[in-house]
Amino acid sequence: MNKIFNIQNLVRANVQKLKPYSSARDEYKANGTDMVFLDANENPFENGVNRYPDPQQRDLKLALAKLKNLKPEQVLLGNGSDEVLDLIFRAFCEPQIDNILTLPPTYGMYNVLAGINNVENKEVLLTVDYELDIKSILNEVTETTKLIFICNPNNPTGNAFDARSIKTLIENFNGIVVIDEAYIDFSSYESWINFLDIYPNIIITQTLSKAYGMAGVRLGVCYASAEIISVLNKIKPPYNVNELTQQKALERVLAFDEVFNEVETIIIEREKMISNLEQIGFIETVYTTDANFVLVKVDDATKRYNQLLERGIVIRNRTNQPLCENTLRFTVGTKQENKKLIEVLQTLDK
Ligand SMILES: *Cc1c(COP(=O)(O)O)cnc(C)c1O
């Protein structure tokens, strides 16, 4: 990384010039007295959601920042990680000019979002052991490479990458390294949010969809420098996180001990699942996982996928992903669900 790294050099020119939309709720300052809200053309009859939500989600950000030991100015929230990732594209990548790097096999949304934003996605495969191929990645970087996406732990392989390789990328790249930590709560590896003060060119995304058990509320979280967050804030839709989501998510974040207990149970179940899967005759490899799912290599993935489907179990067939021939991905479920999976696998022919 260049010593005089300046984030503004990476921001698209139109975004630099942009003045964000100022919503009714952005413009007043609460003075402590009971306010009368006649500013936003809302229906005044209270029903719990008749008012626009807080566009800056102050209470929720405060709770998250406290939990993660960061400042609220280092947090941006979105309608799922998908929106957060899309904002990152739109802030930094000039369509048809800039490019990004992704490292398949990995999460499919990076490529979809690159397509939507008309930004070239240069793919650099992981090694056959699903590790980062640092030399090849750095070789692919050009003047117009703005972002490198690292999914850590990686989906669908499940493994986390060693900190030293990620550090090498961060330190040798003049753009931004986006680290998607959707599964970090299941991992024994340290979160990169602890390095935000050291590296100005990283963005960490997390989500309430996995460990926090709230896929239905759609809340994605982005942690970065206050400077990066203020750029993303300029382009986010004003009311992108609805009131019900803010309330539900806040309750859940404040009950983090419950979340940690569930995560602990899921990890125990994961370890049990791994040792049971290793006993199944047609499973050739059970891959290392730091997430709440397990990738395995079987004799014939499509055949096994269909057999499970016929018996009422839905899993993910990853056989068409690069380096993933004949692999299946199992999410760790409840004790009963995992038991059912193993029982059914045991009945299938060798
Ligand atoms: C599930 C998942 C997400 C979560 O996306 P949301 O839009 O927040 O539900 C993000 N990244 C990866 C790699 C995932 O597997």
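I will try to describe carefully the structure that is included in this document. (Residues numbered from 1 in each chain as written. Predicted model: local features only at pLDDT ≥ 70, side-chain atom pairs only at ≥ 80, totals over all residues. Heavy atoms only, no water.)

1. Examining the sheet that holds strand 4 (residues 145-151)
Pairing within the open sheet is mixed, and its seven strands lie in the order 1-7-6-5-4-2-3. Every interior strand has two partners, whereas the edge strands, strand 1 (75-78) and strand 3 (120-123), have only one. Geometrically, the sheet is characterised by an average inter-axis angle of 25° between neighbouring strands, direction not taken into account. Of the strand pairs in this sheet, strand 4 and strand 5 (residues 176-180) are connected by five bridges, and their pairing is parallel. For phenylalanine 149, the partnering residue across the bridge sits in strand 5 and is valine 178. (Pairing = 2+ DSSP bridges. Helix = DSSP H or I, 4+ residues; strand = E, 2+ residues; numbered from the N terminus. Axes fitted to C-alpha atoms, helices over the stretch in contact; angles between N-to-C directions.)

2. Thoughts on the state of the cysteines
The final tally for this structure, using the stated rule, is zero disulfides. Cysteine 93 carries a free sulfur, and the closest cysteine sulfur to it, the one in cysteine 222, is 14 Å from it. For cysteine 151, which is in no disulfide, the shortest distance to another cysteine sulfur is to cysteine 324 and amounts to 12 Å. Cysteine 151 gets classed as buried once you look at its relative accessible area, which sits at 3%. (Disulfide = S-S within 2.5 Å. Buried < 20%, exposed > 50% of the residue type's maximum accessible area, 1.4 Å probe, protein only.)

3. Section: the environment of aspartate 86
Topologically, aspartate 86 is positioned in helix 4 (residues 80-92). For aspartate 86, a relative accessible area of 15% gives the class buried. Once the C-alpha coordinates of aspartate 86 and valine 112 are considered, the two residues, 26 residues apart in sequence, prove to be 9.8 Å apart. Residues contacting aspartate 86, with those up to four places away along its chain left out, are Leu113 and Asn117. (Contact = heavy atoms within 4.5 Å.)

4. What about the pattern of salt bridges?
Under the defined criterion, the tally for this structure stands at 16 salt bridges. With its nearest N and O atoms 2.7 Å apart, the salt bridge here joins glutamate 42 to arginine 51. Assessed through its relative accessible area of 15%, glutamate 42 is described here as buried. Two residues, aspartate 86 and arginine 90, come together in a salt bridge whose shortest N-O distance is 3.1 Å. With a gap of four residues between them, aspartate 86 and arginine 90 both fall in helix 4, about one helical turn apart. In this structure, a network of salt bridges that share partners links the residues Glu42, Glu46 and Arg51. (Salt bridge = Lys/Arg side-chain N within 4 Å of Asp/Glu carboxyl O.)

5. Details of helix 7 (residues 163-171)
The set of residues buried in helix 7 consists of Ser165, Ile166, Leu169 and Ile170. The buried side chains of helix 7 occupy one side of the element, clustering within an arc of 140° when seen end-on. Close packing links the buried residues of helix 7 with helix 6 (134-140), strand 4, strand 5 and strand 6 (202-207). (Arc of directions from axis to C-beta.)

6. Topic: helix 4
Taking 1.5 Å of rise per residue, 13 residues should cover 18 Å, and helix 4 covers 19 Å from first to last C-alpha, within 8% of that figure. When you tally the buried positions in helix 4, you get 11 out of 13 residues, the bulk of the element. Inspection of helix 4 places Gly80, Ser81, Glu83, Val84, Leu85, Asp86, Leu87, Ile88, Phe89, Ala91 and Phe92 among the buried residues, and these make up the whole buried set. (Expected span 1.5 Å × (residues − 1).)

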